[in-house]
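Coordinate analysis (summary)
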Amino acid sequence: RKALYNRKATRSKIRSVSSGNFLDGRSIKSVSSGGKISLTPPRNHNLQFFYWDLIELEDGIYNIKSATSNAFIDGRHKGIGNGVHTKLNNRIDDSSASQNNYYKWRGKKHQNGCVTRY
């Protein structure tokens, strides 16, 4: 299978509409000790943890990678592994993540004038 490696990434914060909290990409140290994904309330410091690279693979499919820890969001289904099933994983490279369904997310890109939303 051909690698999908000529990919375009968009750096963005991911914020919950309901809680107003941000998806927290954490530091590499935090990912190594468990990789749990958390929602963090807005704050005025350490904002770098809120940035994610949305890496476009194919029509509507993305890898989501933390800008600070370089870990991908792993969305494997229940029954694979134990414990937390949606987590950050920094033990996979970009090329492998682009081909493995555990790291693929479906999203829609919306363009409204100069503003792009996903």
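Summarised in this report is the structure supplied together with it. (Residues numbered from 1 in each chain as written. Predicted model: local features only at pLDDT ≥ 70, side-chain atom pairs only at ≥ 80, totals over all residues. Heavy atoms only, no water.)

Remarks on the overall build of the protein
- When you go through the protein residue by residue, the secondary structure sums to 2 helices and 10 strands.
- Ordering the α and β elements of the protein from the N terminus gives β-β-α-β-β-β-β-β-α-β-β-β.
- Counting across all 118 residues of the protein, residues that qualify as buried make up 33%.
- Excluding contacts between residues fewer than 6 apart, the proportion of contacts in the protein whose partners are at least 24 apart in sequence is 54%.
- Only carbon and sulfur atoms are counted for the fraction: they give 48% of the accessible area of the protein, which is about 7,600 Å². (Helix = DSSP H or I, 4+ residues; strand = E, 2+ residues; numbered from the N terminus. Buried < 20%, exposed > 50% of the residue type's maximum accessible area, 1.4 Å probe, protein only. Contact = heavy atoms within 4.5 Å. Areas by Shrake-Rupley, 256 points an atom, 1.4 Å probe, with all protein chains shown as cover.)

Some thoughts on the environment of Ile 73
- The residue Ile 73 is located in strand β6 (residues 72-74) in this model.
- Taking the C-alpha atoms as reference points, Ile 73 and Thr 86, 13 residues apart in sequence, are found 6.9 Å from one another.
- Look past the residues within four positions of Ile 73 in its chain and what remains in contact with it is Leu 23, Ile 37, Trp 52, Ile 64, Thr 86, Lys 87, Leu 88, Tyr 102, Tyr 103 and Trp 105.

What to know about the packing of aromatic side chains
- Applying the stated criterion across every chain yields a total of 2 aromatic pairs.
- Where Phe 22 meets Phe 50, the ring centres are 4.6 Å apart and the plane angle is 15°; that geometry is what we call stacked. Taken together, the residues Phe 22 in strand β2 (residues 22-24) and Phe 50 in the loop between β3 (38-40) and β4 (51-58) connect sequence positions 28 residues apart. An identical accessibility class is assigned to Phe 22 and Phe 50; each is buried.
- Geometrically, the ring pair formed by Phe 72 and Tyr 103 is edge-to-face, given 6.3 Å between the ring centres and 70° between the ring planes. With Phe 72 in strand β6 and Tyr 103 in the loop between α2 (94-99) and β8 (105-106), this pair connects stretches of sequence that are 31 residues apart.
- By relative accessible area, which is 0% here, Phe 72 ends up buried.
- We classify Tyr 103 as buried; its relative accessible area is 3%. (Phe/Tyr/Trp six-rings, centres within 6.5 Å; stacked < 30°, edge-to-face > 60°.)

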